[in-house]
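Residues per chain, in single letters:
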Amino acid sequence: MRMTPVTILVGVLAILAAVVFVMVFWPYTHRDMTPSEIYRTRSPGEESGRVIYIQNGCVYCHSQSIRTIDWGPGAERIAQAGDYVGDKPILLGSQRTGVDLSQEGGEHPDDWHIAHFIKPRYTRPNSIMPPFRWLGMQKIKTLTQYIQSLGYKQADHRMQRQRYWKQESIKAYEAGPEYNVKWLAEQVPAGWRNIPNPYPTTPAGMQRGRKNYQDFCIGCHGPIGDGMGPAQPWIYPPPLNFTILKGRQISGGIIYYQIMNGITGTAMPYFKRELESQKIWEVGDYVAVFFINQSDANADPRGIDAAWEP
Amino acid sequence: MALSASVNPERYRTARAFCLTSAVWFGAAASFGMIGAGYLIAPDFMANIGFIHFGKTRPVHVNLVLFGFVTPGLLAAAFYYVPRLLRTDLYSEKLGVFTAVLWNITLPAAVISLGMGYTQGREYAELPWLVDILIAILFALVVFNIIMTIRQRREKILYVSVWYVSAAVVLTGLTYSLGNVIWQPSTGALLGIPDAILLWFYGHNVFGLLLTPMGLAVAYYVIPRATRSPLYSHTLSLIGFWSLIVVYTHIGTHHLLQVPVPTYLKTIAIVDSVAMVIPVMVVLINLWYTVKGKLGEIHADIGAKFVFTGTIYYFFVNIQGSMMSLPIVQRVTHFNNWVVGHAHIGVLGFAGMTALGGIYYILPKITGKPLYSKFLADLQYWLILIGITGFAIVLTIVGLIQGQAWINGETIYRVLPEIHPYYVSRAMLGVIILAGAYIGIYNVIRSLYFNSGETS
Ligand code: HEM
Ligand code: HEM
């Protein structure tokens, strides 16, 4: 084959044209832009938040693309083409240094996000997300508005729930510690309230509990469990001061349930995705022993002796 | 070095300008990479400097690496070998130098716009419209200069390197404009899923139609020259060239295998990604057989040493790439540092190594003097080789840790402490690469302008 300039140029251009036709143009003309059932348009505020998201390169650490094999936040709904019909540019992302944000709206109330943007280590002690305090409060709030819209109608549903329980929890908090503790405990299903912590208090368990407390809780509840962690100024109702729980019939079951499910409306997140059962019992016992100074670990009723106990 | 006795200082001014451009921006790009790696270890270290936090440093790093270091480096060699292979002068050295100057205006414009948040938010197509236009103009100028040089050639037969480089610049000029949706100045994007399809068609062609052909062109020039042996096979060159253009353009959708895009696109992408072994192995067999029995000569020439190492990384990155395109593998490797490892193996191990090789191979020939320091070039070779090999190992391990943990249901937050030590070692290896880059700046500047060495 003689490679003349004309052969090369005409050849490669013809190939490119054919491939663009098949791989880009054809899918473009046959695109299906039917919105999915969760889609709605974004409000102007949410749109401006999205601009801040793009400007600051959040997309290099956060995907918006849930796959069939995912477990983490948002994995309740696998992405569909119709979820993206309002996205220009589309922000699928190619790295998951941080979590997927497709369904982030309503996972947390606004105050959690604001504390997190100011300094992610406040709410997530091991986070490697850069701090965004320098954006200024105005932009942080706009950004939060966008984040809370992620997931569209499903996010709206979760946000409604956050707002309702935010009011309820503030009411309880403002009625004083006595009432607040009682109110919090009453939200836990009855069965759980009577369950003591089934794991005995052991030095090894305490060590593990402390480790998880430092990795997950310390930014809010503070190093001494008084609720004065660095996130406290941005969170309302503020993180619970564990030391007021003593003598108020807070069982291991209540603590477990609150850690597992979180307290919607307050900044208290749920940890069931992050911590398996034993880890929750142990961090709960750590809180009980060190901060509340009262633990029901391994107390009756206990059922058949556990096989692994000494 | 009998050839260079006739070096006239007016000749090769373009090649010189591009050598300098590439060396300097390599230092800058690696510095930004270093800042990025620092953020992943200590996110509060440089907190509240809005201009350089991770989300801004990363696109600056990637764009500088692609358009500041590798592309100009490969072009520098092209501006030397294209006229030589065609037995003529470059059509216009003035135009060439002007291109290099405009190039050095465009890059700071890119850094500043990304730093200030003027980004279109699409990976590899972030740059705002004005900078896109500048880059399109740059490619047009290069195309014009090369085509006109081909027209005034005195050698009838076009050598393989000329095929590759002319195809690369022409096709990239077009796919760049297409991929950046240049007809939509305000957003530079399409709506919804078609945006992702177009983006990755273009994004993959940055590697497939720019870095790979330009890198192979340098390899096709330097390797036979340095070993003073004819190319192994003309037929293999032909097959390698045409199959590259046909197959590589089809595989962009392998970036979207886990996204709701039409299935036929995924099927084509997977099949062609595996079929990539043809253009890759054909070229490598051709080049490696040319070297057969002559590794000593490769070893003796620092430029050829870089280029030959580049071909070895080319082998690795493509084998790895074909594997990563299989859905079963991509379940584990997608979204994590495995891909970052692959990216560095490809863009630094193959394209970057080759660009450096091209620069060091032509420097004595365009200045008429030996390199300022062969020792420093050798040192740089080892620093970068150690750095990139370390990157490949460390990032692959982290990728596997992340991928396996996620697939077992561990959350991203919980895996963060596990990968921290690897991020630290990556940064340490980064320092090694960074040192190599700075040494390169010094050596190239000394070789170009302050070289007291004897004219050979
Ligand atoms: C046989 C050839 C190749 C194949 C089949 C291939 C395959 C792939 C695949 C499947 C991905 C996406 C990974 C994911 O997101 O899960 C990828 C990413 C990437 N590849 Fe390759 N690759 C090849 C060669 C190369 C070469 C030669 C280079 C560089 C010159 C390169 C540079 C990159 C880069 C930079 C990325 C990262 C893209 C991103 O930001 O997500 N690849 N490759
Ligand atoms: C000082 C040495 C370097 C360091 C510390 C470094 C660090 C980094 C970091 C931290 C990222 C972002 C990864 C992430 O999102 O997790 C990155 C991405 C990237 N770097 Fe580097 N880098 C260095 C040198 C280079 C060089 C010399 C090249 C190419 C010649 C290069 C090419 C790339 C590419 C193509 C990406 C994008 C990866 C992707 O999209 O998946 N880097 N680098």
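Values in this document were obtained by computation on a predicted structure and should not be read as measured data. Per chain, residues are indexed from 1 in the order of the written sequence. The lettering of chains begins at A and the numbering of ligands begins at 1, in the order of writing. Owing to the predicted nature of the model, reporting of local features is limited to residues with pLDDT of at least 70; listing and counting of side-chain atom pairs is limited to 80 or more, with chain, interface and lining totals taken over all residues. In computing side-chain values, all of the structure's heavy atoms are included and hydrogens and water are not.

### Side note on the overall build of chain A
For step 1, the next point in the chain: Only DSSP runs of H or I covering at least 4 residues are called helices, and only runs of E covering at least 2 are called strands; the numbering of each starts at the N terminus. Counting its secondary structure elements, chain A contains 12 helices and 0 strands.
For step 2, the next point in the chain: Sequence-ordered secondary structure for chain A, helices as α and strands as β, is α-α-α-α-α-α-α-α-α-α-α-α.
For step 3, the next point in the chain: The quantity called the radius of gyration is restricted to C-alpha atoms. Its globule counterpart is 2.2 Å times the number of residues to the power 0.38. Relative to its length of 310 residues, chain A is extended, with a C-alpha radius of gyration of 25 Å against a globular reference of 19 Å.
For step 4, the next point in the chain: Along the first, second and third principal axes, the C-alpha atoms of chain A reach 90 × 45 × 35 Å.
For step 5, the next point in the chain: Within chain A, buried positions represent 56% of all 310 residues. Note on exposure labels: buried denotes an accessible area under 20% of the residue type's maximum, exposed denotes more than 50%, and partly exposed covers the range between, all computed with a 1.4 Å probe on protein chains only.

### Focus on the overall build of chain B
For step 1, the next point in the chain: For chain B, the count of helices and strands is 15 helices and 0 strands.
For step 2, the next point in the chain: In terms of C-alpha radius of gyration, chain B reaches 21 Å, essentially the compact-globule figure of 23 Å for 456 residues.
For step 3, the next point in the chain: Summarising its shape, the C-alpha atoms of chain B cover approximately 65 × 50 × 45 Å along the three principal directions.
For step 4, the next point in the chain: In chain B, which comprises 456 residues, the share counted as buried stands at 67%.
For step 5, the next point in the chain: Whether two residues touch is decided by their heavy atoms; if any such pair falls within 4.5 Å, the residues are in contact. Across chain B, contacts joining residues at least 24 apart in sequence account for 84% of those joining residues at least 6 apart.
For step 6, the next point in the chain: Every accessible area reported is derived by Shrake-Rupley at a probe size of 1.4 Å, with residue values counting cover from the shown protein chains alone. If you sum the accessible surface of chain B, you get close to 15500 Å²; carbon and sulfur atoms cover 71% of it.
For step 7, the next point in the chain: His is not counted, nor are the chain ends, whereas Lys and Arg count as positive and Asp and Glu as negative. Where a charge sits is defined by one atom per residue type, namely NZ (Lys), CZ (Arg), CG (Asp) or CD (Glu). In chain B, which carries 26 positive and 16 negative side-chain charges, the distance between the mean positions of the two groups comes to 9 Å.

### Structural notes on the coordination of the iron atom of ligand 2
Residue and element names in this part refer to chain B.
For step 1, the next point in the chain: The coordination sphere of the iron atom of ligand 2, as far as protein atoms go, consists of His61 (NE2) and His344 (NE2), spread over 2.0 Å.
For step 2, the next point in the chain: The donor set covers N, O and S atoms within 2.8 Å of the metal, switching to 3.2 Å for Na, K and Ca, and it leaves out water, so a site may look short of donors. When four donors show all angles between 85 and 135 degrees the site is tetrahedral, when four or six donors have opposite pairs over 155 degrees and all other angles between 65 and 115 it is square planar or octahedral respectively, and in every other case it is irregular. Its 6 donor atoms give the iron atom of ligand 2 angles of 84 to 180° at the centre, a pattern that matches the octahedral case. Of this pair, histidine 61 sits in helix α2 (residues 54-85) while histidine 344 sits in helix α13 (residues 337-367); the two residues are 283 residues apart in sequence, bridging distant segments of the chain.
For step 3, the next point in the chain: A residue is classified by how much of its surface remains accessible, and histidine 61, at 17% relative accessible area, is buried.
For step 4, the next point in the chain: Accessibility expressed as a relative area gives 17% for histidine 344, which makes it buried.

### Here we look at the site of ligand 2
All names here are of chain B.
For step 1, the next point in the chain: By convention in these notes, a residue is near a molecule or strand provided one of its non-hydrogen atoms lies within 4 Å of it. Taken together, 27 residues lie around ligand 2, and Arg58, His61, Val65, Glu123 and His344 are the ones closest in.
For step 2, the next point in the chain: Polar contact criterion, stated in full: a pair of N or O atoms within 3.5 Å, where within protein one must be able to donate a hydrogen and the other to accept it, and residues adjacent in sequence count only if both atoms are side-chain atoms. For ligand 2, an oxygen atom lies 3.2 Å from a polar atom in the side chain of tyrosine 124.
For step 3, the next point in the chain: In this structure, a nitrogen atom belonging to ligand 2 sits 2.7 Å away from a side-chain N or O atom of histidine 344.
For step 4, the next point in the chain: Elements represented by at least two residues in the shell around ligand 2 include exactly α1 (13-41), α2, α13 and α15 (412-449).

### Here we look at the site of ligand 1
Residue and element names in this part refer to chain B.
For step 1, the next point in the chain: For ligand 1, the set of nearby residues contains 25 residues, the closest of which are Glu123, Tyr124, Asn318, His334 and His342.
For step 2, the next point in the chain: Contacts to ligand 1 include tyrosine 124, whose side-chain N or O atom sits 3.0 Å from an oxygen atom.
For step 3, the next point in the chain: Take histidine 334: an N or O atom from its side chain is 2.6 Å from an oxygen atom of ligand 1.
For step 4, the next point in the chain: Put simply, the parts of the chain that give the shell around ligand 1 at least two residues each are α6 (193-227), α11 (302-324) and α13.
For step 5, the next point in the chain: In this classification, the charged set is Asp, Glu, Lys and Arg, the nonpolar set is Ala, Val, Leu, Ile, Met, Phe, Trp, Tyr, Cys and Pro, and all remaining amino acids, among them Gly, are polar. Class assignment for the residues of the shell around ligand 1 results in 10 nonpolar, 14 polar and 1 charged.

### Side note on the coordination of the iron atom of ligand 1
For step 1, the next point in the chain: Just one protein ligand coordinates the iron atom of ligand 1, and it is B:His342 (NE2) at 2.1 Å.
For step 2, the next point in the chain: With respect to the helices and strands, the residue B:His342 is situated in helix α13.

### Structural notes on the nonpolar core
For step 1, the next point in the chain: Nine residue types can take part in a nonpolar core, namely buried Ala, Val, Leu, Ile, Met, Phe, Trp, Tyr and Cys, and a core is a set of them joined through side-chain atoms within 4.5 Å. Ranked by internal contacts, the top residues of the largest apolar core, which has 237 residues, are B:Cys19, B:Leu64, B:Tyr81, B:Tyr164, B:Phe241 and B:Leu363.
For step 2, the next point in the chain: By residue number, the principal contributor to this core is α6(B), which donates 23 residues.
For step 3, the next point in the chain: Residue contributions to this core reach at least three from each of two domains, namely domain 1 (44-157) and domain 2 (175-292) of chain A.
For step 4, the next point in the chain: Excluding residues that lie within four positions of it along the chain, B:Tyr164 makes contacts with B:Pro213, B:Leu216, B:Ala217, B:Tyr220, B:Gly240, B:Phe241, B:Leu244 and B:Val283. Boundaries between domains were set according to an automatic or database domain assignment.

### Things to note about the packing of aromatic side chains
Geometrically, a pair of aromatic rings is defined through the distance of the ring centres and the angle of the planes.
For step 1, the next point in the chain: Stacked, tilted and edge-to-face are the three classes applied to pairs of Phe, Tyr and Trp rings, where Trp contributes its six-membered ring and a pair requires centres within 6.5 Å; stacked means planes under 30 degrees apart, edge-to-face means over 60, and tilted covers the rest. According to the stated counting rule, one finds 46 aromatic pairs over all chains in the structure shown.
For step 2, the next point in the chain: When the centroid spacing of 5.2 Å and the interplanar angle of 85° are considered together, the rings of B:Phe306 and B:Tyr381 count as edge-to-face. You can see B:Phe306 sitting in helix α11 and its partner B:Tyr381 sitting in helix α14 (residues 374-407), a full 75 residues away along the chain.
For step 3, the next point in the chain: Three or more aromatic residues joined by ring pairs make a cluster, and in this case those are A:Tyr213, A:Phe242, A:Tyr286, A:Phe290 and A:Phe291.
For step 4, the next point in the chain: As a reminder, the over-ring test applies to NZ of lysine and CZ of arginine, requiring each to be within 6 Å of the ring centre and within 35 degrees of the ring normal. Sitting over the face of the ring of B:Tyr413, A:Arg124 holds its NZ or CZ atom 4.0 Å from the ring centroid.
For step 5, the next point in the chain: The side chain of B:Lys305 reaches across the aromatic face of B:Tyr381, ending 4.8 Å from its centre.

### Examining the pattern of salt bridges
Pairing between side chains of opposite charge can happen when their charged atoms approach one another.
All names here are of chain A.
For step 1, the next point in the chain: The salt bridge definition used is simple: a Lys or Arg side-chain nitrogen within 4 Å of an Asp or Glu carboxyl oxygen. Using the criterion set out here, one finds 30 salt bridges over all chains in the structure.
For step 2, the next point in the chain: The partner of arginine 96 in a salt bridge is aspartate 70, and the shortest N-O contact between them spans 3.0 Å. One end of the pair, arginine 96, is in the loop between α2 (44-55) and α3 (110-118); the other, aspartate 70, is in the loop between α2 and α3, with 26 residues separating them in the sequence.
For step 3, the next point in the chain: Residue arginine 96 is classed as buried on the basis of its relative accessible area of 5%.
For step 4, the next point in the chain: Residues joined in a network through salt bridges with shared partners are Arg42, Glu47, Arg50 and Asp87.

### So, helix α7 (residues 234-248) of chain B
For step 1, the next point in the chain: With 15 residues, α7(B) should reach 21 Å at 1.5 Å per residue; the first-to-last C-alpha distance of 21 Å fits that figure.
For step 2, the next point in the chain: Among the 15 residues that make up α7(B), 11 are buried, leaving the element largely enclosed by the rest of the structure.
For step 3, the next point in the chain: Taken together, the buried positions of α7(B) are B:Leu236, B:Ser237, B:Leu238, B:Gly240, B:Phe241, B:Trp242, B:Ser243, B:Leu244, B:Ile245, B:Val247 and B:Tyr248.
For step 4, the next point in the chain: Against α1 (5-29) of chain A together with α5 (160-179), α6, α8 (263-275), α9 (277-291) and α11 of chain B lie the buried residues of α7(B).
For step 5, the next point in the chain: Two to three positions downstream of the cap, the backbone nitrogen of B:Thr235 sits 3.2 Å from a side-chain oxygen, assigning the N-cap of α7(B) to B:Ser233. Helix span is expected to be 1.5 Å times the residue number reduced by one.

### Digging into the packing of α9(B) against α11(B)
Residues and elements named next belong to chain B.
For step 1, the next point in the chain: Across the interface, α9 lies against α11 with an axial gap of 11 Å and an inter-helix angle of 155°. Taken together, the axes of α9 and α11 lie roughly antiparallel to each other. Crossing handedness for the pair α9 and α11: left-handed. Along its contact with α9, which presents Val277, Val280, Met281, Leu284, Leu287, Trp288 and Val291, the element α11 presents Phe308, Thr311, Ile312, Tyr314, Phe315, Asn318 and Ser322.
For step 2, the next point in the chain: Along the lines of polarity and charge, the residues of the contact of α9 with α11 split into 11 nonpolar, 3 polar and no charged. With axes taken as lines fitted to C-alpha atoms, and helix axes fitted only over the stretch in contact, angles between N-to-C directions fall between 0 and 180 degrees. For classification purposes, an angle smaller than 35 degrees is called roughly parallel, one larger than 145 roughly antiparallel, one from 65 to 115 roughly perpendicular, and anything else oblique. Note: crossing handedness is left-handed where the near helix turns anticlockwise from the far helix by less than a right angle, and right-handed where it turns clockwise.

### Considerations on a nonpolar patch on the surface
For step 1, the next point in the chain: Taken together, the side chains of A:Phe21, A:Val22, A:Phe25, A:Trp26 and B:Tyr264 present a nonpolar region at the surface, about 470 Å² in accessible area.
For step 2, the next point in the chain: Considering each element in turn, the nonpolar patch owes the most residues, 4 residues, to α1(A).
For step 3, the next point in the chain: Note on placement: A:Val22 falls in helix α1. Like charges are joined within 9 Å and nonpolar side chains (Val, Leu, Ile, Met, Phe, Trp, Tyr) within 5 Å, but only among residues with over 30% relative accessible area and no salt bridge; these make up the patches.

### Details of the interface of chain A and chain B
For step 1, the next point in the chain: Contact residues are listed per partner, giving 74 residues for chain A and 81 residues for chain B.
For step 2, the next point in the chain: When the two sides are added together, the surface that chain A and chain B hide from each other amounts to roughly 6600 Å², 71% of it contributed by carbon and sulfur.
For step 3, the next point in the chain: Taken together, the links from chain A to chain B amount to 3 salt bridges.
For step 4, the next point in the chain: One salt bridge connects A:Lys119 with B:Asp44, and the closest N-O pair in it is separated by 3.6 Å.
For step 5, the next point in the chain: In this structure, the connection of chain A to chain B is made through 15 residue pairs in polar contact (both at pLDDT 80 or more).
For step 6, the next point in the chain: Within the residue set of the side of chain A that touches chain B, elements represented by two or more residues are α1, α2 and α9 (203-216) of chain A.
For step 7, the next point in the chain: Among the elements that line the side of chain A that touches chain B, the one with the most residues is α1(A), at 17 residues. Summed over both partners, the accessible area (1.4 Å probe) lost when two parts come together is defined as the buried area.

### Side note on the side chain of B:Gln120
For step 1, the next point in the chain: By the element assignment, B:Gln120 lies in the loop between α3 (93-115) and α4 (129-151).
For step 2, the next point in the chain: Its relative accessible area of 7% is what places B:Gln120 among the buried residues.
For step 3, the next point in the chain: With residues near it in sequence (within four places) discarded, B:Gln120 still touches A:Ile54, A:Pro89, B:Ala125, B:Glu126, B:Leu127, B:Pro128, B:Trp129, B:Asp132, B:Asn180, B:Pro185, B:Thr187 and B:Gly188.

Read these as layout, nothing more, since geometry by itself doesn't imply function.
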